[in-house]
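# Summary of structural features
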Amino acid sequence: MHDSTWTQKLESAINARQTLLESPHTDCYRIYHGYDEGFPGVVIEAFNGVFVIDYKKDIEPDLSTISHYIDERFNPRIIISKGHQTLGKKLKDRFQVHKGSLEESPGYCHEEGVKFDIRVETPHNLGLYLDTRDARRWLRNHSKNRRILNLFAFTGSLGVSAALGGAKDVIHLDRSAELLPRLQKNYALNSLTWDQRSFLRGDIYKHLPRAIQSGQRFDGIILDPPPKVYGSPYAKERPRGQDFSQLVQLCSQLLSPDAWLMCFFHRFDKSWSESEEEVNVASGIDLHVEERLTSGIDFPESNPERKLRVSILRKPS
Ligand SMILES: C[S@@+](CC[C@H](N)C(=O)[O-])C[C@H]1O[C@@H](n2cnc3c(N)ncnc32)[C@H](O)[C@@H]1O
């Protein structure tokens, strides 16, 4: 692509995000979303002065133009680029540092005043999914005195938001043990007290039936399965897609009266309403949709059904 074309595209993307870029307590956002802004497969995100260019199409000849533009416009500490594994190159050939060095990373970013751990050296997400900002805000406002279960926790940003909102207990569940220090750091960064029982490491299909058997109840469950849930020896049936049918069937048995269930829909093979209907049917109880959330202005999509969709469903009291 011509250098001037990149400059124009980036300029108009940044202008469209001006309110977000000016918000005083947030320094992490997607500054370019190529899917709707002219170059599918390329996204650029900023985390407290660390700029990350992610690309699924080979734009190596354009990387110096893009990083030069970012440098002129923002003068950040670090600019890196990461090519996707489908480009067929080794990680060391896909990961480039265009400015600064990884050691200069601040180690965390701020979102609406909340601090989150970031690891610049990780080949995938730095530690915070930026499209779920509104869900984190909702959790800060609707978790007071509630017992919360955060499923598919990753670095725990959603559960940390519930804890900051005054949840009386938050349990994070994820199968990856490597996440524990990152979760603990997110607690420490926000002066939250860490309890060893806050993290359950293991397979969700193993832990949920156990929790049901031991009579556990939660006042809020965060259910954010990846777009493709992998098979598990503990699942009754082979998971399909995000597997809401099996997962919600289990979760609904753990909900207290008046509890909410927050579901994240990442797939586009069903409409938003169809996804909610799938959840409702799987729950076997009459959950009503209380609120819908989506991603922010930094994830523009001309078709709203192509955006992240989050539904909060409530169990009757
Ligand atoms: C996309 S991330 C979830 C993002 C997270 N909710 C957040 O907001 O940061 C998916 C997570 O699910 C976990 N995971 C995938 N399959 C799992 C399973 N069967 N049991 C438990 N955790 C699982 C992965 O380890 C990964 O951390």
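Everything numeric here is computed off the predicted structure, so don't read it as measured data. (Residues numbered from 1 in each chain as written. Predicted model: local features only at pLDDT ≥ 70, side-chain atom pairs only at ≥ 80, totals over all residues. Heavy atoms only, no water.)

Another aspect to go through is the overall build of the protein. A count of helical and extended segments in the protein gives eleven helices and 14 strands. On C-alpha atoms alone, the protein measures out to a radius of gyration of 20 Å, which is about the 20 Å that the 2.2 N^0.38 rule sets for 317 residues. In terms of overall dimensions, the protein has a C-alpha envelope of 60 × 40 × 40 Å along the principal axes. Split into buried and exposed, the 317 residues of the protein put 53% on the buried side. Pairs at least 24 residues apart make up 61% of the contacts formed inside the protein by residues separated by at least 6 positions. As displayed, the protein offers around 14600 Å² of accessible surface, 49% of which is attributable to carbon and sulfur atoms. Taken together, the 43 basic and 43 acidic charged side chains of the protein have centroids lying 5 Å from each other. (Helix = DSSP H or I, 4+ residues; strand = E, 2+ residues; numbered from the N terminus. Rg over C-alpha atoms; globule rule 2.2 N^0.38 Å. Buried < 20%, exposed > 50% of the residue type's maximum accessible area, 1.4 Å probe, protein only. Contact = heavy atoms within 4.5 Å. Areas by Shrake-Rupley, 256 points an atom, 1.4 Å probe, with all protein chains shown as cover. Lys, Arg positive; Asp, Glu negative; His and termini not counted. Charge placed at Lys NZ, Arg CZ, Asp CG, Glu CD.)

Near the ligand there are 14 residues, and of these F152, D174, R175, I204 and D224 occur at the shortest range. F152 is positioned such that a nitrogen or oxygen atom in its backbone is 3.0 Å from a nitrogen atom of the ligand. For the ligand, whose unbound accessible area comes to 610 Å², protein coverage reaches 89%. Among the secondary structure elements, those contributing two or more residues to the shell around the ligand are α7 (157–164) and β9 (169–174). The class makeup of the residues in the shell around the ligand is eight nonpolar, two polar and four charged. (Near = heavy atom within 4 Å. Polar contact = N/O pair within 3.5 Å; in protein donor to acceptor, adjacent residues only side chain to side chain. Nonpolar A, V, L, I, M, F, W, Y, C, P; charged D, E, K, R; others polar.)

A complete count under the given rule lists 25 salt bridges for this structure. The partner of D134 in a salt bridge is R137, and the shortest N-O contact between them spans 3.4 Å. Residue D134 and its partner R137 are both found in helix α6 (residues 133–141); the two are separated by three residues, about one turn of the helix. According to the relative accessible area criterion, R137 is partly exposed, its value standing at 32%. K270 is the salt-bridge partner of E278, the closest N and O atoms lying 3.4 Å from each other. The partly exposed category is assigned to E278, whose relative accessible area is 23%. Owing to a relative accessible area of 34%, K270 belongs among the partly exposed residues under this scheme. Salt bridges here are not isolated pairs; linked through shared partners, they connect E111, R133, R136 and D298. (Salt bridge = Lys/Arg side-chain N within 4 Å of Asp/Glu carboxyl O.)

The topology assignment puts D243 in the loop between β11 (218–223) and α10 (244–251). At 2.5 Å, the side chain of D243 forms a polar contact with the side chain of Y205.

Put simply, an interface is often sized by how much accessible area is lost when its parts join up. Per the domain assignment, the segments of the protein are domain 1 (3–117) and domain 2 (130–314). Its C-alpha centre places domain 1 at a distance of 28 Å from the equivalent point of domain 2. Contacts between domain 1 and domain 2 engage 21 residues on the former and 20 residues on the latter. A combined buried area of about 1900 Å² lies between domain 1 and domain 2, and 53% of that area is made up of carbon and sulfur atoms. (Domains from an automatic or database assignment. Buried area = accessible area lost by both parts, 1.4 Å probe.)

Tallied over the entire structure, the rule returns seven aromatic pairs. Between the aromatic rings of W6 and Y32, the centroid separation amounts to 5.8 Å while the plane-to-plane angle is 70°, which identifies the pairing as edge-to-face. Of the two residues, W6 sits in helix α1 (residues 3–16) while Y32 sits in strand β1 (residues 28–33), which places them 26 residues apart along the sequence. On the accessibility criterion, Y32 (0% relative accessible area) is buried. Residues F51 and F74 carry aromatic rings whose centres are separated by 4.9 Å and whose planes lie at 35° to one another, so their mutual orientation is tilted. With a gap of 23 residues between them, F51 in strand β3 (residues 50–55) and F74 in helix α4 (residues 63–74) connect regions that are remote in the sequence. By relative accessible area, which is 27% here, F74 ends up partly exposed. A network of ring pairs unites the aromatic residues W6, Y32 and F39 as a single cluster. The ring of F116 has R136 sitting right over it, with the charged end atom 5.6 Å from the ring centre. (Phe/Tyr/Trp six-rings, centres within 6.5 Å; stacked < 30°, edge-to-face > 60°. Lys NZ or Arg CZ within 6 Å of the ring centre and 35° of its normal.)

Once that is clear, we can look at the environment of S232. Positionally, S232 belongs in the loop between β11 and α10. Separated by 28 residues in sequence, S232 and I204 place their C-alpha atoms 8.9 Å apart. The residues touching S232, leaving out its near neighbours within four places in the chain, are D203, Y205 and P239. In terms of polar contacts, S232 uses its side chain to reach the side chain of D203, at 2.8 Å. Within the structure, the side chain of S232 is placed 3.0 Å from the backbone nitrogen of Y234, a separation counted as a polar contact.

With five of six residues buried, β3 lies mostly within the body of the structure. When strand β2 (residues 42–47) meets β3, the two strands line up antiparallel, connected through six bridges. Within β3, the position partnered with F47 by the bridge is V50. Between the antiparallel neighbours β2 and β3 lie two residues, among them N48 with a positive phi of about 50°. Of the strand pairs in this sheet, β3 and strand β4 (residues 78–83) are connected by six bridges, and their pairing is parallel. In the strand pairing of β4, V50 is matched with I78. (Pairing = 2+ DSSP bridges.)

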